[in-house]
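Per-entry structural report
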Amino acid sequence: MCGIFGVWNLHKQPVDLGALINSLNSIRHRGPDDEGYLLINSSSNEVASCLGPQSAAHVRLPRIENVFNPQFDLAFGFRRLSILDLSPAGHQPMSNADGSLWIVFNGEIYNYIELRDELQALGYVFRTQTDTEVILNAYDAWGEGCLDRFNGMWGFALFDKRNKRLFCARDRFGIKPFYFFFDRERFVFASEIKAVLQYSNIERKPNDAIVYDYLNYGLLDHTAETFFTDIHQLPAAHFLMLEDSNLHIKRYWNINPDDKLDFGSGAQADAKYIHQFYDLFEDSIRLHLRSDVAIGSCLSGGVDSSSIVCLANKLLFSDHSVPTDLIGGKQKTFSSCFEDLRFDEREHIEKVLSVTSAERNYTFPKPQNLLSDLPDLVWHQEEPFGSTSIYAQWCVMKIASQRGVRVLLDGQGGDELLAGYHPYFDSYWGTLLSQGRFQDLQKEWSAYKNMYQVSPAYLIQHTLFSIAPTFFQRQVRARRGAVGLQADLVSRFRSRYPDEQIEYSGNPFSKRLYQALTRSSLPGLLHYEDRNSMAHSIEARVPFLDYRLVEFAFSLPANQKINNGYTKTILRDSMKGILPEAIRTRTDKMGFVTPEKIWLSLDLKGWTDDVFNSAAFRSNPYLNASEIRLLLEEHRAQKRDLGFMIWRWLSLQLWLDRFVNSPS
């Protein structure tokens, strides 16, 4: 896992050496082990591979200040977090054998060993044991089609000297970031926004539409736009070509709603589904355990993370998938806990630890520590975030780093694949109703009613709303819309419905899952995961997002995901005898949460008041400060539950102060 940066001055202006070094230094946390640069004259194809002020001592290349000249109009920069092939051979930027292709790459290609064997059979010779060299030769062999063969997470930029072409790509789910600025004179890209801002010297103008989406819908990373008007992200499952000053972006992968499995019904059919799911899931974890450094797992006590820990334990100690010196005598697990038992999951975590004998590492996030860590947290996240639960994950990454772990497995993606959130029930019921499957609907209603003690009116209302006409859903959402916003912002964007803009033709249930996977849920979670982990120089891996597992999950009948009031049916069934039964059958859900409502009302009340009474907040162009003070009084008097809105207001202001009003 690493940090990448690059600039191409398309009108042959020289690269700004000082800005290049400063931009790369701003993401040093992504790769503290090494620093590398590539300078190119795109007209003559002159190339200089060189070192920077913080390069590893064992890499033998000239220093950048000794080779730099004004003829270089294209540059790559790289910060390395050594995970595979820890030798100097893994230094980047890296070229292929004849020097015609150069790359900076952030991520992991988990099936690189298999691809290397395939490429060697085609005649390619490898000088390293890295997945980076596999990408170079795969592009040489298959062009843009190489992306279809990769199983992993990536954001990379590859310069093709033969064709004077820049080829950039991002993995299928956007696990790894790729940001860019393009004004037809310069193309600047990086793993994080701050590096682009550092170099491009553009106006830090907020993107009003994205601010509205965040405040009104709680959406983040749902489009190619960012909170900065002139900075975009390459969408997940897309590649970018820059050639002759022309920029082309194209999707290379998508889920096909027509690819459906049908093994029939009954016990034999269920057994087939379970067998295939288990094999794919186990193989995904096996691939995600490939590492040359210490590896551990996040453990919340929920079904997803517990399944990963239990299967990883089998692979680590029964199948010996990782050298024992990288894990020690026990698998290391990391969890966020609280003394307030309403937010604590140690009861569930301990059940998993008892069957795996894994090592426990607990962290206890506290509100006073949140305040002291907030400046760093805001700086690393770069954009406003949805709740203080992000801080719980931050603390988990911090303790893992302190324990010397470089790679962490995590359960992100399981909820979006297998319908882990309760709103998915609504769409499932609506799908059953729209398909005329009334007996199945009655069975599911009855199971949910008995399990969660809801009224028949609740079931009918939620079912009908999930399949109601779009215009009706919009009216309801408008009435539920965010409060405290400036009237001008609302009037400009009240007709904006970004959560409806998806390209998927499945039934209401599968469409809801696709929306969560690609827009409304997972992209924001992956953003948090990347920034929190890389802030502590940790590589976070998400086995549920092996594309083979994702395609399989979307091909399953809906009752393999929700059945008899349970979510994640196929995962639960496949984990029989592996997960503790109390975990396998859990119906409550928590994850890495924080007591946010309590913190903001009690422990952080003074700080919250200071922010809301500040001159900066009173002049916030998006929020009505006087209305918000009244709403806050109603919330504290328990006359109104503002949910996550309070934190959205606070987070937006913190972001404006850090990146827009007085950036440094």
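Before reading on, note that the structure itself is shown above.
Residues numbered from 1 in each chain as written. Predicted model: local features only at pLDDT ≥ 70, side-chain atom pairs only at ≥ 80, totals over all residues. Heavy atoms only, no water.

1. Details of the sheet that holds strand E5 (residues 94-95)
What counts here: Note: two strands are recorded as paired if DSSP finds a minimum of 2 bridges between them. The secondary structure listing takes helices from DSSP runs of H or I that are at least 4 residues long and strands from runs of E that are at least 2 residues long, numbered from the N terminus.
Within the open sheet, the 6 strands sit side by side as E5-E6-E7-E8-E12-E13. Their pairing is antiparallel. Among the strands making up the open sheet, the edge pair consists of E5 and strand E13 (246-251). With 6 bridges connecting them, strand E12 (residues 238-243) and E13 associate as antiparallel partners. By the bridge assignment for E13, His 238 is matched with Arg 251.

2. Side note on the side chain of Ser 200
Which entries qualify depends on this criterion: A 1.4 Å probe rolled over the protein chains alone gives each residue an accessible area, and that area as a share of the maximum for its type sets the label: buried under 20%, exposed over 50%, partly exposed in between. Any N or O atom pair separated by 3.5 Å or less is treated as a polar contact, with the protein-specific requirement of one donor-capable and one acceptor-capable atom, and with residues adjacent in sequence counted only for side-chain atom pairs. Contact between two residues is taken to exist if any of their heavy atoms lie within 4.5 Å; hydrogens are not considered.
Locating Ser 200 in the fold gives a position in helix H5 (residues 193-200). Assessed through its relative accessible area of 3%, Ser 200 is described here as buried. Among the polar contacts listed, one links the side chain of Ser 200 to the backbone oxygen of Val 196, at a separation of 2.7 Å. For Ser 200, the residues in contact, after removing those within four places along its chain, are Phe 181 and Arg 186.

3. Remarks on the pairing of strand E6 (residues 101-109)
Taking burial as the measure, the 9 residues of E6 include 9 buried ones, the bulk of the element. Pairing geometry for E5 and E6, over 2 bridges, is antiparallel. The partner of Ser 95 across the bridge, within E6, is Trp 102.

4. Considerations on the sheet that holds strand E1 (residues 2-9)
Quick note on the threshold: Here, axes are lines fitted to C-alpha atoms. For helices the fit covers the stretch in contact, and angles between N-to-C directions go from 0 to 180 degrees.
With antiparallel pairing, the 7 strands of this open sheet are ordered in space as E3-E2-E4-E1-E10-E9-E11. The sheet is open, and its two edges are formed by strand E3 (46-51) and strand E11 (232-233), each paired on a single side. The sheet contact formed by E1 and strand E10 (residues 186-190) spans 5 bridges and is antiparallel. Looking at E10, one finds that Asn 9 is bridged to Arg 186. Along the sheet face, helix H1 (residues 17-25) touches E1, strand E2 (34-41) and strand E4 (74-80) and points at about 145° away from the line of E2. Packing of H5 onto the sheet brings it into contact with E1, strand E9 (179-182) and E10, and relative to E10 it is tilted by some 150°.

5. Digging into helix H23 (residues 596-603)
Test applied: Note: the arc covers the axis-to-C-beta directions of the helix.
Of all the positions in H23, only Glu 596, Trp 599 and Leu 600 are classed as buried. End-on view of H23: buried residues confined to an arc of 90°, all on one side of the axis. What points out from H23, more than 90 degrees from its buried face, is the exposed set Lys 597 and Leu 602. Tucked inside the fold, the buried residues of H23 contact helix H10 (367-381), helix H11 (389-402), helix H24 (605-612), helix H26 (625-636) and helix H27 (645-661).

6. Things to note about the nonpolar core
Quick note on the threshold: In this text, buried Ala, Val, Leu, Ile, Met, Phe, Trp, Tyr and Cys residues form a nonpolar core when linked through side-chain atoms within 4.5 Å.
Counting residues in hydrophobic clusters, the biggest one holds 105 residues, and the most contacted among them are Leu 147, Phe 150, Phe 156 and Phe 281. In this view, Leu 147 contacts Trp 154, Phe 156, Phe 167, Ala 169, Arg 172, Phe 239 and Tyr 252; residues no more than four positions away in its chain are not counted. Counting 80 residues, the second largest nonpolar core, distinct from the first, contains Ile 193, Leu 374, Trp 607 and Trp 655.

7. Looking at the pairing of E1
Here E1 lies mainly inside the structure; 8 of its 8 residues are buried. Burial along E1 is two-sided: the face carrying Cys 2, Ile 4, Gly 6 and Trp 8 and the face carrying Gly 3, Phe 5, Val 7 and Asn 9 are both buried. With 7 bridges connecting them, E1 and E4 associate as antiparallel partners. Across the sheet, residue Gly 3 finds its bridge partner in E4, namely Arg 79.

8. Concerning the layout of surface pockets
Short version of the rule: Throughout, the protein atoms alone are placed on a 1 Å grid, and a set of points is a cavity if a 1.4 Å probe fits but cannot get out or a pocket if it is open with protein on both sides within 12 Å along at least five of seven lines; lining residues have an atom within 4 Å of a point. Grid points are joined across faces, edges and corners, and a volume is the space filled by probe spheres set on the points. Three categories are distinguished: nonpolar for Ala, Val, Leu, Ile, Met, Phe, Trp, Tyr, Cys and Pro, charged for Asp, Glu, Lys and Arg, and polar for the others, with Gly belonging to the last.
Of the volumes computed, that of the second largest pocket is approximately 550 Å³. Elements with a contribution of two residues or more to the lining of the second largest pocket: helix H18 (508-520) and helix H19 (522-535). With 4 residues, the single largest contributor to the lining of the second largest pocket is H18. Across the lining of the second largest pocket, the residue classes break down as 13 nonpolar, 9 polar and 6 charged.

9. Points about empty space enclosed by the protein
One pass over the full model with this rule turns up 6 cavities of 30 Å³ or more. Lining the largest cavity are 17 residues, with Cys 2, Leu 84, Gln 92, Asp 131 and Thr 132 sitting closest to its centre. When contributions to the lining of the largest cavity are tallied by element, the ones reaching two or more residues are E4, E6 and helix H4 (131-142). Top contributing element to the lining of the largest cavity by residue count: E6, with 3 residues. Split by residue class, the lining of the largest cavity holds 7 nonpolar, 6 polar and 4 charged.

10. Notes on the packing of helix H13 (residues 423-434) against helix H14 (residues 438-452)
For clarity, the threshold we go by: Each angle receives one of four descriptions, namely roughly parallel if under 35 degrees, roughly antiparallel if over 145, roughly perpendicular if within 65 to 115, and oblique otherwise. Helix crossings get a hand from a simple test, with the near helix turned counterclockwise from the far one by less than a right angle marking a left-handed crossing and a clockwise turn marking a right-handed one.
Close contact between H13 and H14 brings their axes to 8 Å; oriented N to C, the two are set at 155°. Between H13 and H14, the crossing angle belongs to the class labelled roughly antiparallel. The element H13 and its partner H14 pack so that their crossing is left-handed. On H14, the residues touching Phe 425, Tyr 428, Trp 429, Leu 432 and Leu 433 of H13 are Phe 438, Asp 440, Leu 441, Glu 444, Trp 445 and Tyr 448. Of the residues that constitute the contact of H13 with H14, the class distribution is 9 nonpolar, no polar and 2 charged.

11. Some points on unusual backbone geometry
In the segment running from Gln 92 into Pro 93, the intervening peptide bond is cis, with an omega of 0°. Within the element layout of this structure, Pro 93 appears in the loop between E4 and E5.

Shape is all these values report; function is a separate question.
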